[in-house]
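Remarks on the overall topology
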Amino acid sequence: TLVTNYFGVGSNISTFPIIHNVSDLGLILYIILSLVLLWKNKYQIPKNKITFYVSLFYVFLLFSIFIDLFFNDIDLISIFKTSRHWIFLSSVWILFYVPKTTVERLLKYLLNITLVMSILLLLEFFTDLNIFNRSMVQMTQSGLISKRGAIPSTFTIVFILLLYSDYFKFNARNKYIYLSVLIIVLIVSMIRSWIIASIIGLIIVHVRCKIKIKKGDAYKFIFIFVLFFTLVFSNSFIKTRFLEGFSDVANINLNGDVQGTFSYR
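Structural notes, computed from the coordinates. Just so you know, these numbers come straight off a predicted model, no measurement behind them. As a convention, each chain's residues are numbered from 1 in the sequence order in which they are written. Where totals are concerned, whole chains, interfaces and linings use all residues; where local detail is concerned, this predicted model gives features only for residues with pLDDT of at least 70, and gives and counts side-chain atom pairs only at 80 or more. Excluded from the side-chain calculations are hydrogens and water; all other atoms, namely the structure's heavy atoms, are used.

Focus: unusual backbone geometry
Applicable threshold: Strands here mean DSSP runs of E at least two residues long; helices mean DSSP runs of H or I at least four residues long; both are numbered from the N terminus. Relative accessibility decides the category of a residue: with a 1.4 Å probe and only protein chains considered, values under 20% of the type maximum give buried, values over 50% give exposed, and everything between is partly exposed.
A positive phi angle, near 65 degrees, is found at Asp166, a position not held by glycine. Positionally, Asp166 belongs in the loop between α6 (156-164) and α7 (172-189). The exposure class of Asp166 is partly exposed, given its relative accessible area of 28%.

What about the side chain of Ser118?
Let me state the cut-off plainly: The term polar contact refers here to a pair of N or O atoms within 3.5 Å; inside protein, the definition further demands a hydrogen-donor-capable atom paired with an acceptor-capable atom, and it admits residues adjacent in sequence only when both atoms are side-chain atoms. A contact between two residues is defined here by any heavy atoms of the two lying within 4.5 Å.
Mapped onto the elements, Ser118 comes out in helix α5 (residues 100-127). Owing to a relative accessible area of 1%, Ser118 belongs among the buried residues under this scheme. A polar side-chain atom of Ser118 sits 2.7 Å from the main-chain carbonyl oxygen of Thr114. Not counting residues within four places of it along the chain, the set of residues in contact with Ser118 comprises Val181, Leu182 and Val185.

Observations concerning the side chain of Thr51
By the secondary structure assignment, Thr51 is in helix α2 (residues 49-70). The residues touching Thr51, leaving out its near neighbours within four places in the chain, are Pro46, Val92 and Trp93.

Some thoughts on a nonpolar patch on the surface
Our working definition: Here the term patch refers to residues with relative accessible area over 30% and no salt bridge, with like charges joined within 9 Å and nonpolar side chains (Val, Leu, Ile, Met, Phe, Trp, Tyr) within 5 Å. Computed with a 1.4 Å probe, the accessible areas rest on the Shrake-Rupley method; for each residue, only the protein chains presented here act as cover. Any Lys or Arg side-chain nitrogen located within 4 Å of an Asp or Glu carboxyl oxygen qualifies as a salt bridge.
On the surface, Leu25, Ile28, Leu29, Ile32 and Val36 cluster together into a nonpolar patch covering about 400 Å² of accessible area. Accessibility expressed as a relative area gives 47% for Ile28, which makes it partly exposed.

What to know about the packing of aromatic side chains
Rules: Any two of the Phe, Tyr and Trp rings considered here, Trp counted by its six-membered ring, make a pair once their centres fall within 6.5 Å; the pair's planes then place it as stacked at under 30 degrees, edge-to-face at over 60, or tilted in between.
For the structure on display, the rule yields 14 aromatic pairs. Cluster of aromatic residues (ring-pair linked, three or more members): Phe155, Phe159, Tyr167, Phe168, Phe170 and Tyr178.

Topic: α6
Within α6, 7 of the 9 residues are buried, which leaves it mostly tucked inside the rest of the structure. Turning to α6, its buried residues number three or more, namely Thr156, Ile157, Phe159, Ile160, Leu162, Leu163 and Tyr164. Immediately downstream of α6, the backbone of Asp166 shows phi near 65 degrees, a positive value.

The structure is reproduced here in structure tokens:
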């Protein structure tokens, strides 16, 4: 809850007992919990494919930090602010010590909260109700102004992939209801990187899990696919944002200079 700024609908700034970032407090509690679990288990770290690739990523991250620090003249505080969230990736070692049933209950609990939050965010977007006051108006590079939905919970992409992989063993109706809500709240937020990441993730899950789609389900997927592209290209603001993203890819030069935050991402 703390780490996600109350699932994306709360403020990240708290004044109790002193002014601090709520997510940083969650990070501190996570580090303390991790150290306690490691100490109780004599610091034995599991070795498998996931921990290997995570370790490999941390090597890449340290190399990137080294380059920024000594060659790009980026100060250490800025590096820490933009990199500290990757500490949570170490959970692949910590979850090894947590009972599987506990993890499953926690994921279902977080899924239901994410679903409720997503429904409220969609209600706010489509009805102009000020439930969380998170919807916003934004201007594109070409000057087009339109309203976009609030940034959804950071769990949204994870649960889209878990639902598609049938991790929760829901029946078809509940599975598609959950997926539809999470996908729609992601689309109206117009976060291009999250949408593209979800599409790539779904393709990877489909291939790796060898998911077989029944004939009846195929029509549902085709419907969702057509609905997605209809929504994207019928809304001039969403269409413009995606076209600007493709333009960023085409115009990026060898120095990584490009307008906006695309080169950073």
